[in-house]
Amino acid sequence: EVRCKTAEFRDEMKAELAALNTFARHFDENIGPFNDSYDALSAGLKGRYNEAKLKYAAGIQLLVDVYDYHPTYKRWHDSFSSTPFKPL
């Protein structure tokens, strides 16, 4: 009886392993490309965000150069008022 249970358990494990292997192949074939495209999209967005941060910093520098804007605090004699935002 113990051998029968062990053989039955082994057969169940083999069937489960086969089902998991089928699932893994299906995932790699059908879901894997979406994961790769997500990684590419994420990298593209990071590049655009870094470019936007540089342009934002250049805009703040333009305000400093042209309007004597001080990004850290508003000076008493400035007519220009704003709150600076520094992206992460």
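Look above for the structure.
Residues numbered from 1 in each chain as written. Predicted model: local features only at pLDDT ≥ 70, side-chain atom pairs only at ≥ 80, totals over all residues. Heavy atoms only, no water.

A closer look at the overall build of the protein chain
To be explicit about the condition: Here a strand is any run of E in DSSP of at least two residues, a helix any run of H or I of at least four, and the numbering for each starts at the N terminus. Whether a residue is buried, partly exposed or exposed follows from its accessible area with a 1.4 Å probe, protein chains only, as a fraction of its type maximum: under 20%, in between, or over 50%, in that order. Here, Shrake-Rupley sampling with a 1.4 Å probe gives the accessible areas, and only protein chains in the shown set may cover a residue.
Counting its secondary structure elements, the protein chain contains 1 helix and 0 strands. For the protein chain, with 88 residues in total, the buried portion stands at 7%. Of the roughly 7900 Å² that the protein chain leaves accessible, carbon and sulfur atoms contribute 62%.

Thoughts on the packing of aromatic side chains
We apply this condition: For Phe, Tyr and Trp, rings pair up if their centres lie within 6.5 Å, where Trp contributes its six-membered ring, and each pair is then called stacked (planes under 30 degrees apart), edge-to-face (over 60) or tilted (otherwise).
One pass over the structure, following the stated rule, counts 1 aromatic pair. On the basis of an interplanar angle of 35° and a centroid distance of 6.4 Å, the ring pair of phenylalanine 23 and phenylalanine 27 is categorised as tilted. Of this pair, phenylalanine 23 and phenylalanine 27 both sit in helix H1 (residues 2-67), 4 residues apart, which is roughly one turn of the helix. For phenylalanine 27, a relative accessible area of 39% translates into the label partly exposed.

Looking at a negative patch on the surface
To keep it simple, the criterion reads: Patch membership requires over 30% relative accessible area and the absence of a salt bridge. Like charges are linked within 9 Å, and nonpolar side chains (Val, Leu, Ile, Met, Phe, Trp, Tyr) within 5 Å. Take a side-chain nitrogen of Lys or Arg and a carboxyl oxygen of Asp or Glu: if they are within 4 Å of each other, that pair is a salt bridge. Charge convention: Lys and Arg are scored as positive, Asp and Glu as negative, and His as well as the terminal groups of each chain are ignored. Taken as the charge centre is NZ of Lys, CZ of Arg, CG of Asp or CD of Glu, depending on the residue.
A cluster of acidic residues, Glu8, Asp11, Glu12 and Glu16, forms a negative patch at the surface. Examined against the element boundaries, glutamate 12 turns out to sit in helix H1.

Notes on the pattern of salt bridges
Enumeration over the complete set of coordinates arrives at 1 salt bridge. Linking glutamate 51 and lysine 55 is a salt bridge whose minimum nitrogen-to-oxygen distance equals 3.4 Å. With glutamate 51 and lysine 55 both in helix H1 and 4 residues apart, this pair spans about one turn of that helix. A residue is classified by how much of its surface remains accessible, and lysine 55, at 55% relative accessible area, is exposed.

Considering a nonpolar patch on the surface
The grouping of Phe23, Phe27, Ile31 and Phe34 at the surface amounts to a nonpolar patch, some 440 Å² of accessible area in total. Checked against the element boundaries, isoleucine 31 lands in helix H1. Owing to a relative accessible area of 38%, isoleucine 31 belongs among the partly exposed residues under this scheme.

Limitation: the analysis is restricted to geometry and does not speak to function.
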